[in-house]
Every structure is written in C-alpha cells, then in structure tokens.
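Overview (structure and organization)
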Amino acid sequence: MNPRELLTLIQSIRPDALARVLDASDAGDNDQQPESEAALSALLRDASLPLSLRFGEHRVLLAAGPQDLVKGAGTAGAGPLAGQVAVVSGAASGLGMGIAKGLYQAGAAVLFTDIDADGLVKVCAEMDDPARVHHAVVNVTDENSVAAGFDAALARFGRVDILACCAGVAPPYNLVDFPLDKFRFACEVNLTGYFLMGREAARIMCAQGHGGSMVMLSSKSGLEPSKANTAYNATKSGELHMARGWALELGGEGIRVNCIAPGNVFEGSKIWNPEYMKKAAEKKGIQPDEVIPYYNSLTALNAEIKPDDIANAAVFLCSDAARRMTGQVLVVDSGQVWTR
Ligand SMILES: NC(=O)c1ccc[n+]([C@@H]2O[C@H](COP(=O)([O-])OP(=O)(O)OC[C@H]3O[C@@H](n4cnc5c(N)ncnc54)[C@H](O)[C@@H]3O)[C@@H](O)[C@H]2O)c1
C-alpha cells in the first residue's frame, strides 16, 4: 500500500484522526504492529488517540489534532501556522523561497518543491528544524510529477493544509517579436502549473475534510498590464480569475483561495536576471543600474519591496486571522496599482 492509499484507508475508518506517515525505519518503542489490513481496521476502530503503529513499510502516527501530530512526530513549530502542513512550488528561489521560509517561520511544516534540485537542498539546509522541512523535485507542468510531490508531502507529514503556487516565468518580448514557443511555455508554467498544483491540493484537502488555504502568487501585472510582457500579463491575470472560481467552488469545503499581487521584487529573483534588467532599462530609456531606484520611485512609499513583505502577506492569508477572506487579491506593491 502506498502512503496515499494507507491514508485513505485510515481516513475511511477514523475520520476524526489526523495521520502522518513516516518511514518504518524511524521505529518507535511503543508502536503497535497489525499484521493485516483487517487487523489494522480493527485496531483503528477501537484505539484511543494519539497512537503510533507500524504497518508494512510505513510507520503511522495518529493524533486528535494537528498540534499533537507535529509534537508527536518531532519538534512543534510555534506561531500562527503551528501544526499546519504547507506545499510550496518555486521554493528554490525568489518569492517562492521567501514564502516557503515565511510559512516555516510561522510554525508550519513545509514541503519545498521546484525543478532546481540543488537550490532545494541548499535552502532546506538553512532551516533549523528538520522535522518540519522536506523537499521534492516537482515540475509543475507535469501531472505525474505534481502527484508525486504531494505524495511526498503526505508520506512525510501526513496531511496538506496549505498550498502556495509560486513557480512562474516571464519571457520579455515585444508583441511583434514574441516567439510562439515562449508564449506557450509561459502559459504552461504559469497557468497549467497553477491548475495542476491547485487541482491536486483540492483533491487532498476535500478528502481530508478539514478545509485548507491556497495562495496563488500573481502579480501587479495581473491587474495592470506592463509593456512587452504579453504572456506574463495574460497568465498573471488568468491566475487571479482561476483563483476566484476556485474560491466559489471550494468554499463549501472550508477551503479558502486568495491571491497576492506583488509589485517589483528584485532581491533573490531570477526573473530579474541581468538580461531582464537590460530589457527593462531599454524599455524605460535608463541604465540597468538605475532600474531598481526607478521602479521604487513609481510607488507611493518610494520603498523597495522585499521577499519578506510578500511572505508576511502569505502567512496572514493562510492564518486564522484571514478566516473570512476568500477569492481576494492582496496587493503588496508599496502603492503602485490602484485596481483590484
Ligand atoms: N520578482 C518579482 O518582481 C515578482 C513580482 C510579482 C510576482 N512575481 C511572481 O513570483 C513568482 C516567482 O518569481 P521570482 O521573481 O521569485 O522568480 P524566480 O525565477 O527567482 O523563481 C521562480 C522559481 O520557479 C521555478 N520554476 C520555474 N519553472 C518551474 C517548473 N516548471 N516547475 C517547478 N518550478 C519551476 C524556478 O526554478 C525558480 O526557482 C512568479 O510566479 C512571479 O510571477 C514576481
């Protein structure tokens, strides 16, 4: 039985329990060891929680609430998201990395995902509580890869409460020069990627039956277009509307779906690479080293936006403080666009 099948079985017998599946090698002294599926069912029906057991190649922790589960399995996080489990795409760089770190610092256990395997290893090594950190290489455009990523989260943490979609690309071309393959590529990553991650998270959250929260990282370009950015404008706007539809569709399940629309964030971003900076400078008729102060000067606060500012918005949207917010767009842009 794979972790997902095991969790489905547990859920069908004990919908009141939260389960976390660990490697059987991570043995506990007081584990119960049912020898068959029937024995497992009988044990689960009568057992009081918390409970730890070994079944086949898996070790399972069962708890009455998320706090117990995380405490029982390792170090409990502290903060507004303690006991929650988050999956983040694009977590090896820039804003995705900032959001994944922010959710972790707010107490969540976090699965960092990206196509950049080295980047994932590096960022996860920086986190001080290995019990709450795991990573998986996930290509958001490939549905098998996405499913495998969520399986990794379930196998390690036993549940998924939060999804942050951040993996994105921004091919910079004038309309008349825009190559079709680059346009399609942006649609694949920014739209199909968000769709596949959202669909998988929704399937799991609906099956778990205890709600959840999704944050789609869009952009101010999803609200007000920027020049020479056709694919980015279209996909970032599409993400907003996809999220609003999901908010309607999933609200009855207690699943909230919100968006963040950041202004320009330069620190740590690979979108803002030297070539992209050069194009931005050409567009504005300035030098590349004038780009950051120029963009800052377009904002009401005349202040540079950092990944932490976006992470703070994500933590808020995923926390109970935002429990009556869904289908919304939180604009974090130092005051630049005025539409929502
Ligand atoms: N930096 C900004 O100014 C800014 C502003 C508004 C919104 N955003 C949004 O923030 C997100 C991240 O942007 P960033 O500037 O941090 O860029 P970034 O390039 O630094 O990070 C993007 C990450 O996504 C990963 N990725 C790309 N394709 C992938 C795929 N197919 N599957 C899985 N991972 C993939 C990359 O490896 C990278 O680690 C994007 O969605 C972008 O639209 C950025």
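Residues numbered from 1 in each chain as written. Predicted model: local features only at pLDDT ≥ 70, side-chain atom pairs only at ≥ 80, totals over all residues.

A separate point is the domain arrangement of the protein chain. For the protein chain, the domain assignment lists domain 1 (3-64) and domain 2 (77-332). Averaged C-alpha coordinates put domain 1 and domain 2 at centres separated by 33 Å. The interface of domain 1 with domain 2 comprises 10 residues on the first partner and eight residues on the second. Elements with a minimum of two residues in the side of domain 1 that touches domain 2: helix 1 (3-13) and strand 1 (18-23). No other element matches the five residues that helix 1 contributes to the side of domain 1 that touches domain 2. For the side of domain 1 that touches domain 2, the residue count by class is six nonpolar, two polar and two charged. (Domains from an automatic or database assignment. Contact = placed C-beta atoms within 7 Å. Helix = DSSP H or I, 4+ residues; strand = E, 2+ residues; numbered from the N terminus. Nonpolar A, V, L, I, M, F, W, Y, C, P; charged D, E, K, R; others polar.)

The next thing to look at is the site of the ligand. Around the ligand, the surrounding shell holds 30 residues, and the nearest of these are Gly90, Ser93, Gly94, Gly168 and Ser269. A total of three residues in the shell around the ligand trace back to one element, the largest contributor, which is helix 4 (residues 94-105). The class makeup of the residues in the shell around the ligand is 14 nonpolar, 13 polar and three charged. (Near = placed C-beta within 6 Å.)

What follows covers helix 1. Considered for burial, the residues of helix 1 that qualify are Pro3, Leu6, Leu7 and Ile10. For helix 1, the buried positions fall inside an angular range of 95 degrees around the axis, keeping them on one side. Opposite its buried face, helix 1 presents the exposed residues Glu5 and Ser12, each directed more than 90 degrees away. (Buried ≥ 20, exposed ≤ 12 C-beta atoms within 10 Å, placed from the backbone. Arc of directions from axis to C-beta.)

Attention now moves to the environment of Met1. Mapping Met1 onto the fold places it in the segment before helix 1. Once the C-alpha coordinates of Met1 and His58 are considered, the two residues, 57 residues apart in sequence, prove to be 9.0 Å apart. Excluding residues that lie within four positions of it along the chain, Met1 makes contacts with Leu6 and Gly56.

Counting residues in each nonpolar core, the largest one holds 88 residues, and the members touching the most others are Val88, Ile99, Leu103, Ala108, Val110, Ala164 and Ala314. There are two domains that each give this core at least three residues, and those are domain 1 (3-64) and domain 2 (77-332). Among all residues touching Ala314, those that are not within four sequence positions of it are Ile99, Gly102, Leu103, Ala164, Val215 and Ile260. (Core = buried A, V, L, I, M, F, W, Y, C linked by C-beta atoms within 7 Å.)

Along strand 8 (residues 212-217), six of the six residues are buried, which leaves the element largely enclosed by surrounding structure. Burial of strand 8 is two-sided: the residues Gly212, Met214 and Met216 facing one way and the residues Ser213, Val215 and Leu217 facing the other way are all buried. Across four bridges, strand 7 (residues 162-165) lies against strand 8 in parallel orientation. Across the sheet, residue Leu163 finds its bridge partner in strand 8, namely Met214. Each parallel crossover has a hand, and the one from strand 7 via helix 7 (residues 180-208) to strand 8 is right-handed. Where strand 8 lies against strand 9 (residues 255-262), six bridges are found, and the strand directions are parallel. Opposite Met214, over in strand 9, you have Val257 as the bridge partner. Between the parallel elements strand 8 and strand 9, the chain passes through helix 8 (residues 230-250) in a crossover that is right-handed. (Pairing = 2+ DSSP bridges. Right-handed = clockwise from strand over helix to strand, strands pointing away.)

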